[in-house]
There are 2 protein chains.
Amino acid sequence: MKFDVIAFDADDTLWQNETLFAATKDKFKALLNPYCSPETIQEQLDHTEIRNLRYFGYGIKGFTLSMIETAIQLTDGHIRGSEIQKLIEFGKAMLTTPIKLFDHVEQVLTNLARSYTLMLVTKGDLFDQESKLARSGLSRYFTYVEILSEKDATSYRTLLQTYHIPPERFLMVGNSLRSDILPVIEIGARTVYIPYDITWSHENIFPENQGAKGYYECCHIGEVPELLHTLEQC
Amino acid sequence: MKFDVIAFDADDTLWQNETLFAATKDKFKALLNPYCSPETIQEQLDHTEIRNLRYFGYGIKGFTLSMIETAIQLTDGHIRGSEIQKLIEFGKAMLTTPIKLFDHVEQVLTNLARSYTLMLVTKGDLFDQESKLARSGLSRYFTYVEILSEKDATSYRTLLQTYHIPPERFLMVGNSLRSDILPVIEIGARTVYIPYDITWSHENIFPENQGAKGYYECCHIGEVPELLHTLEQC
């Protein structure tokens with residue numbers, strides 16, 4: 001085998017995540033509709049989220065606090081307690097909603113776990129990510145689970161050192177160029193990029209990746225085993 | 001050397017943590033003083049925190065959301081937006097407050113890092129704990145940092161397997177019997193218990209620990225090197 005460990009990102013690689021945030025943002029806009037236009041709400045929420053990243057990091061709890069802060073700002077403090085309670089309920093609903101796996105995920109993990117050691121490498125809130133993994137029913141496929149606060153070259157390097165994995169024997173599968181692909185290529189390991197939204201990805205992909213060392217691409221996770229089969233024979 | 005790794009808990013072992021929550025609870029009671037008695041506020045906040053643990057886990061963001069929810073409940077939704085904004089500011093202040101190390105900490109870690117591999121093992125919110133470690137200035141002493149969502153026998157067992165540490169060569173230092181001591185003794189490793197509050201600990205310590213295999217106790221962290229010196233000579 002060419003690889004000691006095949007690692008997978010989770011959010012928007014194994015299961016839907018962005019759609020959950022998008023749906024909650026729609027509910028948020030509907031709640032604040034008496035006060036503001038959807039465009040103003042979206043703009044102010046984006047602004048608050050980015051400003052709060054240094055306090056809260058990534059995750060649903062921080063997102064909920066940013067919704068509350070945005071609601072107070074946009075209503076000049078006139079938002080009612082019962083409406084803020086609804087925002088907390090939106091957050092709790094996100095934290096407990098059933099996980100929607102993408103097609104092929106279960107079958108691909110079953111297949112690969114027979115030949116490889118699988119690792120889950122996610123970013124975000126520790127409690128929330130562990131809870132999602134438990135609800136997904138996928139934990140039995142993963143020998144190792146690593147939840148990082150940031151996915152950059154330094155954190156991947158530390159990860160591989162901890163597990164004594166040589167970079168050339170590590171393959172990372174994910175949907176984010178910034179978090180799953182570029183830093184992993186940087187440390188000399190290999191990557192499979194699975195765009196979550198075809199349109200978005202084709203607009204954002206850096207053309208130089210296409211031929212970059214350690215960069216491969218699949219349309220969906222169902223194609224990963226065949227790619228691995230090909231790589232093993234190279 | 002008898003030990004491959006000396007592990008330390010962080011909150012209330014290396015630096016003050018509970019005092020920060022206590023101080024914020026006092027500010028919370030002062031803010032809600034026009035609506036309720038301090039006793040009612042404390043009781044309702046405790047109740048909300050415990051009920052929300054399954055959604056939010058441990059940490060400051062969850063605590064902040066629980067303060068907001070408590071304030072809405074206790075005021076029948078009459079709390080003003082500007083007051084809820086203050087609660088969010090309380091949370092942000094907690095997340096960025098300077099870390100107060102206990103006496104002897106820096107000197108003990110400098111000393112031990114010369115002979116041992118040191119590991120930090122904490123529980124709680126990933127982003128918050130990493131931020132505290134960075135602000136503490138102590139990260140240079142720790143070869144490994146592990147932030148767990150729960151500290152029980154299973155999570156310690158997984159931790160030792162990941163790092164290939166035999167239990168008899170692992171020593172854990174901490175202030176919590178429930179999180180740092182009992183589960184570590186359960187998996188056959190050794191522990192040093194440092195009560196954070198002498199009175200509290202003497203009331204709560206289980207007498208059978210005193211002679212339990214793998215259980216040692218120090219009054220403060222400054223005593224740990226001498227204890228280790230003695231253990232190495234046994």
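Relevant structure appears above.
A few points on the structure. (Residues numbered from 1 in each chain as written. Chains lettered and ligands numbered in written order. Predicted model: local features only at pLDDT ≥ 70, side-chain atom pairs only at ≥ 80, totals over all residues. Heavy atoms only, no water.)

## Examining the relation of the copies chain A and chain B
Mapping between the two chain copies consists of a rotation about an axis together with a translation along that axis. When chain A is fitted to chain B, the residual RMSD is 0.0 Å, and the transformation amounts to a turn of 180 degrees plus an axial shift of 0.0 Å. Given the turn and translation reported, the copies of this chain are related as if by a two-fold rotation axis. No C-alpha of chain A lies nearer the rotation axis than that of Leu126 of chain A, which sits 2.8 Å from it. Counting the interface residues of chain A, we find that 100% of their copies in chain B are interface residues as well, pointing to one common contact surface. (Least-squares fit on C-alpha atoms with pLDDT ≥ 70 in both. Contact = heavy atoms within 4.5 Å.)

## Some thoughts on helix H3 (residues 60–74) of chain A
Residue and element names in this part refer to chain A. In this model, H3 (15 residues) spans 21 Å end to end at C-alpha, consistent with the 21 Å of a helix rising 1.5 Å per residue. The buried count for H3 comes to 14 of 15 residues, which makes it a mostly enclosed element. Looking at the residues trailing H3, positive phi occurs at Asp76, about 50 degrees. (Helix = DSSP H or I, 4+ residues; strand = E, 2+ residues; numbered from the N terminus. Expected span 1.5 Å × (residues − 1). Buried < 20%, exposed > 50% of the residue type's maximum accessible area, 1.4 Å probe, protein only.)

## Section: the sheet that holds strand S6 (residues 215–217) of chain B
Residue and element names in this part refer to chain B. Strand order in this open sheet of 6 strands is S3-S2-S1-S4-S5-S6, and the pairing throughout is parallel. Bordering the open sheet on either side are strand S3 (144–148) and S6, each of which pairs with just one other strand. Averaged over all pairs of adjacent strands, the angle between their axes in this sheet comes to 20 degrees, without regard to strand direction. Strand direction decides the pairing type here: strand S4 (residues 170–174) and strand S5 (residues 190–193), joined by 4 bridges, are parallel. Paired with Leu171 across the bridge in S5 is Arg190. (Pairing = 2+ DSSP bridges. Axes fitted to C-alpha atoms, helices over the stretch in contact; angles between N-to-C directions.)

## Details of the packing of helix H1 (residues 18–31) of chain A against helix H4 (residues 81–96) of chain A
Residue and element names in this part refer to chain A. Relative to each other, H1 and H4 sit at 170 degrees, their axes nearing to 11 Å. Classified by the angle between their axes, H1 and H4 sit roughly antiparallel to one another. Of the residues in H4, those touching H1 at Leu20, Phe21, Thr24, Lys27, Phe28 and Leu31 are Glu83, Lys86, Leu87, Phe90 and Met94. Taken together, the residues of the contact of H1 with H4 sort by class into 7 nonpolar, 1 polar and 3 charged. (Parallel < 35°, antiparallel > 145°, perpendicular 65-115°, else oblique. Nonpolar A, V, L, I, M, F, W, Y, C, P; charged D, E, K, R; others polar.)

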